[in-house]
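# Overview (structure and organization)
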Amino acid sequence: MKSFTLSASLTYAFSCWTLAYGSKNQSCRALPHDRTWPSPKEWATLNQTVGGRLIATVPLASVCHDPAYDEAACNILKQNWLSPEPHLAVPAEILDPYFQTESCEPFTPRERPCTLGNYAVYSINVTDKIDISAGVIFAKTHNIRLTIKNTGHDLLGKSTGRGALSLWTHNLDTMEFFDTYSGDSNYNGSAVRIGAGVLASDLITAAARHRVRVVTGSFDTVGVAGGYTAGGGHGALTSLYGMAADSVLEWEVVIADGTHVIATPTHNADLYWALCGGGAGTFGVVVSMTTRTYSDGPMQNAGFAISLADNAFGGNANKFWEAIETFHSTLSPVVEAGGVLTWQLTESALQVFAIVLPGNDPGIIDEELDPMLAAMKSRTNLTLKVLSSSYESWYDLYRAVYQPVQVGSQNGQISGGRLIPRSVLQETTGVENVTHALRNAVEGGFLGLCGAIDANNTAATTPDNAVFPVWRDTLVHCIVIRTWNYSLPWDTNIAFQKNLTTTVMPAIELATPGGGSYLNEANFEQLDWQEVFYGTNYPRLQRVKAKYDPDSLFYARTAVGSEAWYEDGEHRLCRTGLT
């Protein structure tokens, strides 16, 4: 990361385009080769306004290309490129390979020029609301694309864009715990206010010191107050407390005119409603979020595996998939007891690594799993070997169960997701159809990552919010993924993406009537995304968007109001004329 330096950084940024083109009309955002692009003096003024924290983008992988080639640094980067860690603490970096567009990655030839492509041109290292306001007003004044990046955990390309100024909120990492919340709400229990950049692992650890727990995701490096909660936010505590958005007490936001506002259930209530589940990056820029905390206490966990190699199946794949059907049909009792199950599915194995249940009685595991174990034995002659453990707190369970499975995880994914209604899995035909569709997906080279959850079982008296209504009737959430293979040609990976869009996901959708997709873990090429991601909430969300961002400054792919824009042949944003 390099701070703004007029001679060096501007030279690099502007070398990526030729300063020879005329101005594009105002229906499109400016790019660096347009005459309307801000001058070096104007960028320097912005840098001064934000205290010298304007950063010109130099992609990480530039060390793998001339003239900055560094063999040792490049080799390390190649080994870690698909993991999130190298990208997290660097502004403008892109985790998803599709949106990297081969513009600057470690695996292309050294002599191939490294360009910015979809990387933002500049980022503001945001430290407070004043920095955000300055960036918002600058982008609006100069008609340039504005993006928001926290950690970059982004499967849909929302946090980056060609020719953009990026607001990098990663360092808004403050946390303040309250024994008694005294804000604009009837709630007066314990709470925590977190900056937009606080990571799940840091929040879980800090909460444990206060003997409380918070609804977060199950991945260390996801920003809790970023796209996670704004998109709804599910996790291992959801069957106890609802979605992360259900616990939010207030949002601190900078809106499109640069104004700083607080949104609660009674003040700017429409904005509060939209931010609690209606998606990030389109209504405003989150500075902080205040959310309920819950008393910590003992937790139970269990896990088991089913393999095609098990003696009960004799190598017969159909018998193995009959066991998977049985598993799908017996999930309800566990989630109804406040539990969440998480598993991985391949063509020959089911690995259930987390069955999380509350309480200090280890017997709850046997009690809630008994219907599943009995059905499995009766239908397939398989005796499941369940391993269980007790933990003194949610923090202890998280460290022992969820953190180890993250080691070596890869984030360069071709992915789609589906919320599967409880009603579908209550019918024999529905279970068969779902299992068949997932079988075709994993036998076609995809991996299934799924969870059983009850997002309608909330301990809080939750104000009305924009969480996708389908979540309330969901029993299983599955994402199907395929890791991007850099050893294969670009076109081959694009063919996998096309197969996901035209074959794999349509088959899963057909098997799950009444379902939808979680807007944070979905296919960015979903055609009817307004219905599939937002459902009946969409018209109301559009009205909130029009009120707080009437000129559509904020844009993110598949976000509310994004149909007002398209990317032209240069990947610049241009207005469609739709609102």
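Shown above is the structure to which this text applies.
Residues numbered from 1 in each chain as written. Predicted model: local features only at pLDDT ≥ 70, side-chain atom pairs only at ≥ 80, totals over all residues. Heavy atoms only, no water.

Turning our eyes to something else, we now look at the sheet that holds strand β1 (residues 54–56). Strands sit in the order β1-β2-β4-β3 across an open sheet of 4 strands; the sheet is mixed. In this open sheet, the two edge strands, each paired with only one partner strand, are β1 and β3 (146–149). When strand polarity is set aside, the average angle formed by the axes of neighbouring strands in this sheet is 30°. Pairing geometry for β3 and strand β4 (residues 165–168), over 4 bridges, is parallel. Note that in β4 the partner of T147 across the bridge is S166. Against the sheet, helix α2 (residues 40–49) contacts β1, β2 (122–125) and β4, and its axis sits at roughly 135° relative to β1. Packing against the sheet, helix α6 (residues 129–142) makes contact with β2, β3 and β4, and its axis sits at approximately 165° to β4. (Pairing = 2+ DSSP bridges. Helix = DSSP H or I, 4+ residues; strand = E, 2+ residues; numbered from the N terminus. Axes fitted to C-alpha atoms, helices over the stretch in contact; angles between N-to-C directions. Contact = heavy atoms within 4.5 Å.)

Mapped onto the secondary structure, N523 falls in the loop between α16 (490–510) and α17 (529–534). The exposure class of N523 is buried, given its relative accessible area of 3%. Those residues within four positions of N523 in sequence are excluded, and the remaining contacts are L156, S415, G416, G417, Q497, L500, T501 and F533. (Buried < 20%, exposed > 50% of the residue type's maximum accessible area, 1.4 Å probe, protein only.)

We now examine α2. Among the residues making up α2, those that are buried are W43, L46 and N47. Buried residues along α2 cover an arc of 100° about the axis, so they all sit on one side. Set apart from the buried face of α2 by more than 90 degrees, the exposed residues are K41 and Q48. Among the residues trailing α2, G51 stands out with phi positive, at a value near 70°. (Arc of directions from axis to C-beta.)

The next point concerns empty space enclosed by the protein. Enumeration over the complete set of coordinates arrives at 3 cavities of 30 Å³ or more. In this structure, the largest cavity encloses a volume near 60 Å³. Lining the largest cavity, in full, are E93, I94, L95, D96, F99, G152, D154, G157, S159 and T160. Each residue belonging to the lining of the largest cavity can be placed in one class, and the counts come to 3 nonpolar, 4 polar and 3 charged. (1 Å grid on protein atoms, 1.4 Å probe; cavity = no way out; pocket = protein on both sides within 12 Å on 5 of 7 lines; lining within 4 Å. Points joined across faces, edges and corners; volume = space filled by probe spheres on them. Nonpolar A, V, L, I, M, F, W, Y, C, P; charged D, E, K, R; others polar.)

The subject of this paragraph is the packing of helix α11 (residues 317–329) against helix α15 (residues 428–443). Close contact between α11 and α15 brings their axes to 10 Å; oriented N to C, the two are set at 125°. Comparing the axis directions of α11 and α15 gives the class oblique. The crossing of α11 and α15 is right-handed. Here A317, N318, W321, I324, E325, H328 and S329 of α11 come into contact with α15, specifically with V431, E432, T435, L438, R439, V442 and E443. In the contact of α11 with α15, the residues fall into 6 nonpolar, 4 polar and 4 charged. (Parallel < 35°, antiparallel > 145°, perpendicular 65-115°, else oblique. Left-handed = near helix turned anticlockwise from the far one by under 90°.)

This brings us to the state of the cysteines. Two cysteines, two sulfur atoms, one covalent bond between them: this is a disulfide. Applying the stated criterion across every chain, the model contains 4 disulfides. The disulfide that involves C104 links it to C114, with 1.8 Å between the sulfurs. Between C104 and C114, the S-S torsion sits near -90°, and that sign places the bridge as left-handed. Within this pair, whereas C104 is found in the loop between α5 (97–100) and β2, its partner C114 is found in the loop between α5 and β2, the two being separated by 10 residues in sequence. On the basis of relative accessibility, which here comes to 15%, the residue C114 falls in the buried class. The side chain of C450 participates in a disulfide bridge whose partner is C478; the two sulfur atoms lie 1.9 Å from each other. Looking down the S-S bond of the C450 and C478 bridge, the torsion is 110°, so its handedness is right-handed. (Disulfide = S-S within 2.5 Å.)

Let us now look at the pattern of salt bridges. Counted by the stated rule, this structure contains 16 salt bridges. The partner of R110 in a salt bridge is D66, and the shortest N-O contact between them spans 2.7 Å. Separated by 44 residues along the polypeptide, R110 in the loop between α5 and β2 and D66 in the loop between β1 and α3 (71–80) bring together distant segments of the chain. E176 serves as the salt-bridge partner of R193, at 3.6 Å between the closest nitrogen and oxygen. Here the residue R193 occupies a position in strand β6 (residues 191–195), and E176 occupies one in strand β5 (residues 175–178), the gap between them amounting to 17 residues. Under the relative-accessibility criterion, R193 is labelled partly exposed at 27%. If you follow the salt bridges from partner to partner, you end up with D34, D568, E570 and R572 in one network. (Salt bridge = Lys/Arg side-chain N within 4 Å of Asp/Glu carboxyl O.)

Along the chain, the position of F313 falls in the loop between β12 (299–307) and α11. Between the alpha carbons of F313 and A323 there is a distance of 9.1 Å; along the sequence they are 10 residues apart. The contacts of F313, once residues within four sequence positions are left out, are I306, S307, L308, K319, F320, A323, T380 and L382.

As a further point, take unusual backbone geometry. Note that the residue after D66, namely P67, is joined by a cis bond; omega there is 5°. Relative to the helices and strands, P67 resides in the loop between β1 and α3. Within the chain, A92 stands out as a residue other than glycine whose phi angle is a positive 75°. With respect to the secondary-structure elements, A92 resides in the loop between α4 (85–88) and α5. Positive phi outside glycine occurs at S552, with the angle close to 55°. By the element assignment, S552 lies in the loop between α18 (538–548) and β19 (565–567).

This part covers the sheet that holds β12. Taking strand neighbours across the sheet as the criterion, the 7 strands line up as β15-β12-β14-β13-β17-β18-β16 in an open arrangement whose pairing is antiparallel. Each having just a single partner strand, β15 (387–391) and β16 (413–421) make up the two edges of the open sheet. In this sheet, adjacent strand axes meet at a mean angle of 15° when their direction is disregarded. In this sheet, strand β14 (residues 349–358) lies alongside strand β13 (residues 340–345) in antiparallel orientation, the contact comprising 6 bridges. Looking at β14, one finds that L341 is bridged to I355.

Taken together, the side chains of D361, D366, E367 and D370 define an acidic patch exposed on the protein surface. Mapped onto the elements, E367 comes out in helix α13 (residues 363–380). (Patch = residues over 30% accessible without salt bridge, like charges linked within 9 Å, V, L, I, M, F, W, Y side chains within 5 Å. Areas by Shrake-Rupley, 256 points an atom, 1.4 Å probe, with all protein chains shown as cover. Lys, Arg positive; Asp, Glu negative; His and termini not counted. Charge placed at Lys NZ, Arg CZ, Asp CG, Glu CD.)

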